[in-house]
Amino acid sequence: MIILKKIPYGYSNYKELIDDNCFYIDKTMYLEKLESLSNKKVVYLKPRRFGKTLFTSMMGYYYDINSENEFDSLFKDTYIYNHPTKNKNNYYILKLDFSSITTDNNEESIKESFTRKLCVALNDFLNKYDFSYNLPENLQPNEILNYFLSYIKSLKLEHKLYLIIDEYDNFTNVI
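As a convention, each chain's residues are numbered from 1 in the sequence order in which they are written. Note on the predicted model: pLDDT of at least 70 is required for a residue's local features to be given, and 80 or more for side-chain atom pairs to be given and counted; whole-chain, interface and lining totals, by contrast, use all residues. With hydrogens and water stripped out, all remaining heavy atoms of the structure feed into the side-chain values.

Visitor: So, the overall build of the protein: which residues are in play, and what are the values?
Guide: Starting at the N terminus, helices and strands are each numbered in turn, a helix being any DSSP run of H or I of at least four residues and a strand any DSSP run of E of at least two. Of regular secondary structure, the protein possesses eight helices and two strands. When the helices and strands of the protein are placed in sequence order, the string is α-α-α-α-α-β-α-α-β-α. Each residue is assigned to one of three classes by its accessible area relative to the maximum for its type, calculated with a 1.4 Å probe on protein chains only: buried under 20%, partly exposed between the two thresholds, exposed over 50%. Residues counted as buried form 35% of the 175 residues belonging to the protein. Should any heavy atoms of two residues lie within 4.5 Å, those residues are considered in contact. Residue pairs at least 24 apart in sequence account for 67% of intrachain contacts in the protein once pairs closer than 6 positions are excluded. Per element, the accessible surface of the protein, about 11,700 Å² overall, is 50% carbon and sulfur. We get accessible surface area from the Shrake-Rupley algorithm with a probe of 1.4 Å; when it comes to residues, only the shown protein chains can shield them.

Given below as structure tokens:
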């Protein structure tokens, strides 16, 4: 029997890739390796177009408490399916994707675009996990993030927050 799979050109969302029956080179064994590192702050460097966004998307689905019911369908043909770690579906995932920040060399527009992306990501997080919090307005991005993190910390949640930052260098290289 021949199983045909699509070539996943342009996919950056792991769930969409799996749902659309695309060819996927299994990188899930690296989740186990990442968890075994003593340093929990990992910078994952690879050249452009080498799958960093897809990898971070896969990480998000694997670690997200909201994806627990999808584990079998998302990971059934992967290494991690047969070797799940203790951290599987054990985090609130906050993903910051800075790929579309305006980088027209105008410092103010970069800052506005960064602030907008940050607020969208934080609001998406709050909605995804059904938290009731209104982000403060008219503040610097670091202040908005500090208020948000203080709020999350005050909840004394059962699970920890897992922060995934994608395309951080997209706008920082311009600055």
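Visitor: Can you lay out the packing of aromatic side chains for me, pointing to particular residues and giving the numbers?
Guide: In this analysis, rings of Phe, Tyr and Trp, with Trp reduced to its six-membered ring, are considered paired at centre separations within 6.5 Å, and the interplanar angle assigns stacked below 30 degrees, edge-to-face beyond 60, and tilted for intermediate values. All told, the structure shown has 20 aromatic pairs when counted by the stated rule. For the ring pair tyrosine 91 and tyrosine 162, a centre distance of 5.0 Å and an interplane angle of 90 degrees mean the geometry is edge-to-face. Within this pair, whereas tyrosine 91 is found in strand 1 (residues 91–97), its partner tyrosine 162 is found in strand 2 (residues 160–166), the two being separated by 71 residues in sequence. Neither tyrosine 91 nor tyrosine 162 differs from the other in exposure class; each is buried.

Visitor: I'd like a rundown of the side chain of serine 57, residues and numbers included.
Guide: Here serine 57 is to be found in helix 3 (residues 52–63). Excluding residues within four positions of it along the chain, serine 57 makes contact with Ser12, Asn13, Tyr14 and Lys95.

Visitor: Please give an account of the side chain of glutamate 35 that cites residues and values.
Guide: One can find glutamate 35 in helix 2 (residues 29–36). Think of a polar contact as two N or O atoms within 3.5 Å of one another; within protein, one of them needs to be a possible hydrogen donor and the other a possible acceptor, and neighboring residues in sequence only count if both atoms come from side chains. A polar side-chain atom of glutamate 35 sits 2.7 Å from a polar atom in the side chain of tyrosine 63. What glutamate 35 contacts, discounting residues up to four positions off in sequence, is Lys40, Tyr62, Tyr63, Thr85, Lys86 and Asn87.

Visitor: Before we move on, could you go through the layout of surface pockets and cite the residues and values that matter?
Guide: Throughout, the protein atoms alone are placed on a 1 Å grid, and a set of points is a cavity if a 1.4 Å probe fits but cannot get out or a pocket if it is open with protein on both sides within 12 Å along at least five of seven lines; lining residues have an atom within 4 Å of a point. Grid points are joined across faces, edges and corners, and a volume is the space filled by probe spheres set on the points. By volume, the second largest pocket amounts to about 550 Å³. Elements represented by at least two residues in the lining of the second largest pocket include exactly helix 3, strand 1 and helix 6 (107–128). Across the lining of the second largest pocket, the residue classes tally to ten nonpolar, seven polar and six charged. Each residue is assigned to one class: nonpolar for Ala, Val, Leu, Ile, Met, Phe, Trp, Tyr, Cys and Pro, charged for Asp, Glu, Lys and Arg, and polar for all the others, Gly among them.

Visitor: Account for helix 3, with residues named and values stated.
Guide: The end-to-end C-alpha separation of helix 3 is 16 Å, in line with the 16 Å expected for twelve residues at 1.5 Å each. Summarising burial for helix 3: twelve of the twelve residues are buried, a large majority. Turning to helix 3, its buried residues number three or more, namely Lys52, Thr53, Leu54, Phe55, Thr56, Ser57, Met58, Met59, Gly60, Tyr61, Tyr62 and Tyr63. Looking at the buried residues of helix 3, the elements they touch are helix 1 (14–19), helix 2, helix 4 (71–75), helix 5 (79–82), strand 1 and strand 2. In this analysis, the expected span of each helix is defined as 1.5 Å times one less than the number of residues it contains.

Visitor: Summarise the nonpolar core; cite the residues concerned and give the values.
Guide: Counting residues in hydrophobic clusters, the biggest one holds 41 residues, and the most contacted among them are Tyr14, Leu31, Tyr63, Phe75, Phe125, Phe131 and Phe148. For this core, the elements supplying multiple residues, two or more each, are helix 1, helix 3, helix 4, strand 1, helix 6, helix 7 (141–154) and strand 2. With eight residues, the top contributor of residues to this core is helix 6. The contact partners of tyrosine 14, leaving out residues within four places of it in the chain, are Tyr24, Leu54, Ser57, Met58, Tyr61, Leu74, Phe75 and Thr78. For our purposes a nonpolar core is just a set of buried Ala, Val, Leu, Ile, Met, Phe, Trp, Tyr and Cys residues, chained together by side-chain atoms within 4.5 Å.

Visitor: Go over the pairing of strand 1 with me, naming the residues and quoting the values.
Guide: Of all seven residues in strand 1, five are buried, a share of seventy percent or more. Should DSSP find at least two bridges between two strands, the strands are taken to pair. In the sheet, strand 1 pairs with strand 2 via seven bridges, with the strands oriented parallel. Bridge pairing in strand 2 links leucine 94 to leucine 163.

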